[in-house]
Amino acid sequence: MPVINSVTCPICGCLCDDIEVTVENNEVVKIKNGCSICEAKFIGYKGEHRIHTPLMRKDGKLVPVSMEEAIHKSAEILANANYPILYGWSSTSCEAQRVGVELAEEIGGVLDNTSVVCHGPSVLAVQEVGLPTCTLGQIRHRADLIIYWGCDPWSAHPRHLERYTSFTDGRFENSEWKSYINKVKASAGKKKLLSAQRIETPKKPVTMAESLPMNKPPETLHKEGRKLIVIDVRKSMSAEMADYFIQVEPNKDYELIQALRALVRDQELDVDKVAGVPVEYLQEVADALVNAEFGVIFFGMGLTQTAGKFRNIEVAISLVRDLNFRTKFAIMPMRGHFNVTGANVVSAWQSGYPFGVDFSLGYPRYNPGETTCMDVLLRGENDASLVIAADPGANFPKRAVENMVKKPLIVIDPHMNATAMLGDIVFPSAFVGIEVEGTAYRMDHVPLPLKKVVEPPEGVLPDEEILKRILEEVRVIKSQKMEQKVEAA
Amino acid sequence: MMQQKLRVTLLTGRTIEQGVSKERGKSSHDYFEACSMVYMDADDMKKLGIKNGTNVLVTTPNGSVVLKAVKYPRGPTPSLIYIPYGPWANAICSDATSSIGMPSFKGTPAEVEPAPDKPVLSMEELLKSEFGR
């Protein structure tokens with residue numbers, strides 16, 4: 001059986017490029033090195049939920065139609081629309097995204113990618129204050145203090161810790177895996193001892209204030225080697241692995257970051273607690289930050305989706321800037337979809353703006369809050385939508401989806417997801433990174449090649465090909481309209 | 001004392017089960033199981049008089065949805081509920097974008113009440129009831 005090495009996993013922003021895929025009779029049968037999500041995708045991509053032919057809604061039901069009919073009808077909808085939305089782009093290749101920008105310009109639509117509902121606020125903050133960052137390779141080899149703020153890599157980026165941070169052996173820093181295992185064993189032993197001695201466990205805290213981390217920062221926060229701090233509103237799986245877990249009150253991240261900034265700048269705070277965390281503990285954390293050789297903050301939706309949104313990121317980046325006066329520090333967003341970074345990059349180098357680009361005036365305009373597709377949908381201004389490689393039907397708030405389905409909805413996706421179920425025209429597409437090759441950007445902006453390991457099902461085209469054919473048809477329809485106008489004149 | 005309703009802060013987010021099942025297929029039973037639930041604090045569940053696995057009605061100014069309550073296994077999260085990303089979470093989460101395009105998926109107020117007799121809708125049923133398709 002042929003084994004394909006160094007396959008890049010097309011799921012999350014980690015883009016692990018060490019996957020070994022075993023293929024038999026044009027089917028993936030075995031995966032090595034991947035996480036559970038990776039295995040689910042590579043083994044499950046051919047499941048019963050796969051779409052095999054283009055579908056069109058007729059009399060309220062999705063029925064199979066020919067590719068030509070679906071392309072023509074989609075092109076007609078897009079060419080005749082005044083203010084269409086082209087949304088998604090994050091689970092496809094940069095090559096397909098490039099055609100998307102061309103299509104958006106041709107039809108004068110709003111081009112937006114999924115970062116609007118994940119790290120859009122981070123992009124806005126970066127535009128305000130810049131981004132002191134580095135590659136994941138630097139972190140793997142050199143970082144001795146790792147902070148995950150408002151993110152749970154164990155759930156969303158399962159191999160992040162193992163490949164890039166605490167549990168990897170770098171050139172100058174070693175893996176903390178063994179000490180973590182020892183900690184788990186010691187904790188299990190302590191529990192057994194307590195139960196053998198029939199000592200009652202302390203009463204559970206009742207209110208949020210009581211439950212917050214009254215644990216003093218441990219000695220290990222100042223040890224040699226890698227340290228891991230997790231800051232979150234609830235104890236996540238990643239928090240269990242951390243040397244120190246800080247449970248912040250919901251919507252209070254901004255206060256906590258600003259307090260840390262003050263402490264890092266040797267200022268005194270006049271309060272006992274900030275966001276539920278005692279200032280004396282924060283002082284120790286600030287000391288650990290300053291004493292780190294090279295620290296890094298990874299942040300996720302816990303900062304971008306809570307109160308403050310992009311202001312949270314702005315102060316987090318400012319904290320890193322402050323820390324860089326004392327030591328070396330970097331910050332990086334934990335990007336979700338495997339090529340959402342690519343969607344920002346392609347959109348930026350083609351139109352000048354990373355997301356929420358409005359081409360309706362014939363030139364690209366960018367005004368978050370106005371030209372972001374979420375706001376366009378909530379105002380009900382869209383008159384058609386094209387959704388590719390994303391699932392707003394499942395991941396957008398109800399009112400936005402309501403307005404999306406009121407108008408014609410074209411969906412390009414390999415699977416029957418919520419958006420495809422709601423769509424008017426549905427195109428089956430080949431899986432990028434499994435059935436089609438392409439380029440994707442890792443969360444640290446490093447472009448990596450995606451491999452093709454099996455052939456797509458018969459008649460199923462890649463995203464790029466479908467978009468090119470729609471674009472071609474749009475141009476034909478537009479030129480016909482132009483000719484008719486000239487004749488009429 | 002048992003309470004009829006509980007005021008909580010709603011968080012939506014990723015869980016590993018949601019991540020794995022979305023790749024298996026969104027119409028799969030795994031996805032339904034992973035996303036049509038709500039993690040609750042053990043003491044909050046006691047206050048409402050419900051057990052692990054009882055259905056609850058979660059209501060926000062944006063709507064309400066029936067979900068299966070599951071005790072959060074890793075420590076206390078008083079007055080905090082956590083629903084994995086998916087159509088069930090989005091049936092109720094806030095669409096206030098603060099004029100930057102980002103809805104408030106985390107940290108908005110909600111109310112939870114026991115609803116042992118109400119069924120949890122499947123994705124098809126939920127989409128049908130919300131959008132008529």
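Note that the coordinates shown come from a computational prediction; the quantities given were computed from them, not determined experimentally.

## Some words on the overall build of chain B
Helix and strand counts for chain B stand at five helices and six strands. Reading chain B from its N end, one meets helices and strands in the order β-α-α-β-α-β-β-β-α-β-α. Over its C-alpha atoms chain B spans a radius of gyration of 14 Å, differing by no more than 12% from the 14 Å that the globule rule assigns to 133 residues. Along the first, second and third principal axes, the C-alpha set of chain B runs to 40 × 35 × 30 Å.

## So, the sheet that holds strand β2 (residues 19–24) of chain A
Residue and element names in this part refer to chain A. The three strands are arranged β1-β2-β3 in an open sheet whose pairing can be described as antiparallel. Each having just a single partner strand, β1 (3–7) and β3 (27–32) make up the two edges of the open sheet. Within the sheet, the average angular offset between the axes of one strand and its neighbour, ignoring direction, is 30 degrees. Across five bridges, β2 lies against β3 in antiparallel orientation. Bridging from a neighbouring strand, Glu 20 pairs with Lys 32 of β3. Along the sheet, helix α1 (residues 36–44) contacts β2 and β3; its crossing angle with β3, the most-contacted strand, is approximately 165 degrees.

## Structural notes on the interface of chain B and chain A
Taken residue by residue, the interface counts 48 residues in chain B and 62 residues in chain A. Put simply, the parts of the chain that give the side of chain B that touches chain A at least two residues each are β1 (6–13), α1 (16–24), β5 (80–84), α4 (87–90), β6 (106–114) and α5 (123–131) of chain B. In terms of residue count, α1 of chain B provides more of the side of chain B that touches chain A than any other element does, five residues in total. The class makeup of the residues in the side of chain B that touches chain A is 18 nonpolar, 20 polar and 10 charged.

## Re the nonpolar core
By size, the foremost hydrophobic cluster in this structure holds 195 residues, and its most contacted members are Leu 260, Val 296 and Ala 316 of chain A together with Val 38 and Ile 81 of chain B. Examining the composition of this core, we find that eight residues originate from one element, helix α14 (residues 310–323) of chain A, more than from any other. Taken together, domain 1 (49–117 + 338–431 + 459–488) and domain 2 (120–333) of chain A each give at least three residues to this core, which thus spans both. With near-sequence residues (within four places) excluded, Ile 81 of chain B lies in contact with Val 8, Leu 10, Leu 11, Val 38, Tyr 39, Met 40, Val 58, Ala 110 and Val 112 of chain B.

## Observations concerning the domain arrangement of chain A
By convention, interface size is frequently given as the accessible area that disappears when the constituent parts associate. Segmenting chain A into domains produces domain 1 (49–117 + 338–431 + 459–488) and domain 2 (120–333). A straight line from the C-alpha centre of domain 1 of chain A to that of domain 2 of chain A covers 39 Å.

## Overview of the confidence of the model for chain B
Low-pLDDT portions of the prediction should not be read for the details of their coordinates. Per-residue confidence for chain B gives a mean pLDDT of 95; residues scoring 70 or more make up 99%. Predicted complex metrics record ipTM = 0.96 and pTM = 0.95.

## A few points about the pairing of strand β8 (residues 145–149) of chain A
Residues and elements named next belong to chain A. Across the five residues that make up β8, a large majority, five, are buried. Because side chains alternate across β8, one face comprises the buried residues Leu 145, Ile 147 and Trp 149, and the other comprises Ile 146 and Tyr 148, equally buried. Summarising the sheet, β8 and strand β9 (residues 227–232) pair through five bridges and their orientation is parallel. Pairing of Ile 146 across the sheet is with Leu 228, part of β9. The pairing of β8 with strand β13 (residues 294–299) spans five bridges and is parallel. Across the sheet, the residue bridging to Trp 149 is Phe 299, located in β13.

## Quick look at the sheet that holds strand β10 (residues 244–247) of chain A
Residues and elements named next belong to chain A. An order of β10-β9-β8-β13-β14 is seen for the five strands of this open sheet, with the pairing classed as parallel. The open sheet is flanked by β10 and β14 (328–333), the only strands paired with a single partner. Here the strands of the sheet are splayed against their neighbours by 15 degrees on average, with no regard to which way each runs. Packed onto the sheet, α14 meets β8, β13 and β14 and runs at close to 160 degrees relative to β14.

## Focus on the packing of helix α2 (residues 67–80) of chain A against helix α20 (residues 463–488) of chain A
Residue and element names in this part refer to chain A. Contact pair α2 / α20: the axes reach a minimum separation of 8 Å and the direction vectors enclose 60 degrees. Looking at the two axes, α2 sits oblique to α20. For the pair α2 and α20, the sense of crossing is right-handed. Along the contact surface, α2 presents Ile 71, His 72, Ser 74, Ala 75, Glu 76, Leu 78 and Ala 79, while α20 presents Arg 469, Ile 470, Glu 473, Val 474, Ile 477 and Lys 478.

## Here's the deal with the packing of helix α11 (residues 253–264) of chain A against helix α12 (residues 279–291) of chain A
All names here are of chain A. One way to put it is that α11 packs onto α12 with a least axis distance of 9 Å and a crossing angle of 65 degrees. For the pair α11 and α12, the sense of crossing is right-handed. Judged by residue contacts, Ala 259, Leu 260, Leu 263 and Val 264 of α11 engage Leu 282, Gln 283, Val 285, Ala 286, Leu 289 and Val 290 from α12.

## A closer look at the environment of Tyr 441 of chain A
Residue and element names in this part refer to chain A. Within the element layout of this structure, Tyr 441 appears in strand β20 (residues 438–441). Each C-alpha atom, one on Tyr 441 and one on Asn 339, is 5.5 Å from the other, the two residues being 102 residues apart in sequence. Excluding residues that lie within four positions of it along the chain, Tyr 441 makes contacts with Asn 339, Thr 341, Gly 342, Val 345, Val 446 and Pro 447.

## Things to note about α1 of chain A
All of the buried residues along α1 of chain A are Ile 37, Cys 38, Ala 40, Lys 41, Phe 42 and Gly 44 of chain A. Those residues of α1 of chain A hidden inside the fold are in contact with β2 and β3 of chain A together with α1 of chain B.

## Some remarks on the environment of Val 446 of chain A
Residues and elements named next belong to chain A. Its location among the elements puts Val 446 in the loop between β20 and β21 (447–450). Taking the C-alpha atoms as reference points, Val 446 and Phe 396, separated by 50 residues in sequence, lie 29 Å from one another. Residues in contact with Val 446, not counting those within four places in the same chain, are Thr 135 and Tyr 441.

## Some points on the environment of Glu 455 of chain A
All names here are of chain A. If you trace the backbone, Glu 455 turns up in the loop between β21 and α20. A tally of 12 C-beta atoms within 10 Å means that Glu 455 is categorised as exposed. Sequence-wise, Glu 455 and Phe 431 are 24 residues apart; in three dimensions their C-alpha atoms are separated by 9.8 Å.

## A few points about unusual backbone geometry
Residue and element names in this part refer to chain A. Notably, Ser 6 is not glycine yet its phi reads approximately 50 degrees, a positive angle. The topology assignment puts Ser 6 in strand β1. A positive phi angle, near 60 degrees, is found at Asp 266, a position not held by glycine. In this fold, Asp 266 is placed in the loop between α11 and β11 (273–274). A count of 9 C-beta atoms within 10 Å places Asp 266 in the exposed class.

## Some points on helix α3 (residues 94–107) of chain A
Between its terminal C-alpha atoms α3 of chain A stretches 20 Å, which fits the 20 Å expected from 14 residues at 1.5 Å a residue. Just downstream of α3 of chain A, Gly 108 of chain A is the residue with a positive phi angle, here 65 degrees.

## Observations concerning the confidence of the model for chain A
Averaged over all residues, the pLDDT of chain A equals 94, while 97% of them reach at least 70. Low pLDDT, under 50, characterises residues 205–213 of chain A; the stretch is placed with 19 contacts to residues that sit more than four places away or in other chains.

Reading the values: rules and limits
- Residues numbered from 1 in each chain as written.
- Chains lettered and ligands numbered in written order.
- Predicted model: local features only at pLDDT ≥ 70, side-chain atom pairs only at ≥ 80, totals over all residues.
- Helix = DSSP H or I, 4+ residues; strand = E, 2+ residues; numbered from the N terminus.
- Rg over C-alpha atoms; globule rule 2.2 N^0.38 Å.
- Pairing = 2+ DSSP bridges.
- Axes fitted to C-alpha atoms, helices over the stretch in contact; angles between N-to-C directions.
- Contact = placed C-beta atoms within 7 Å.
- Nonpolar A, V, L, I, M, F, W, Y, C, P; charged D, E, K, R; others polar.
- Core = buried A, V, L, I, M, F, W, Y, C linked by C-beta atoms within 7 Å.
- Buried ≥ 20, exposed ≤ 12 C-beta atoms within 10 Å, placed from the backbone.
- Domains from an automatic or database assignment.
- pLDDT = per-residue confidence, 0-100.
- Parallel < 35°, antiparallel > 145°, perpendicular 65-115°, else oblique.
- Left-handed = near helix turned anticlockwise from the far one by under 90°.
- Expected span 1.5 Å × (residues − 1).

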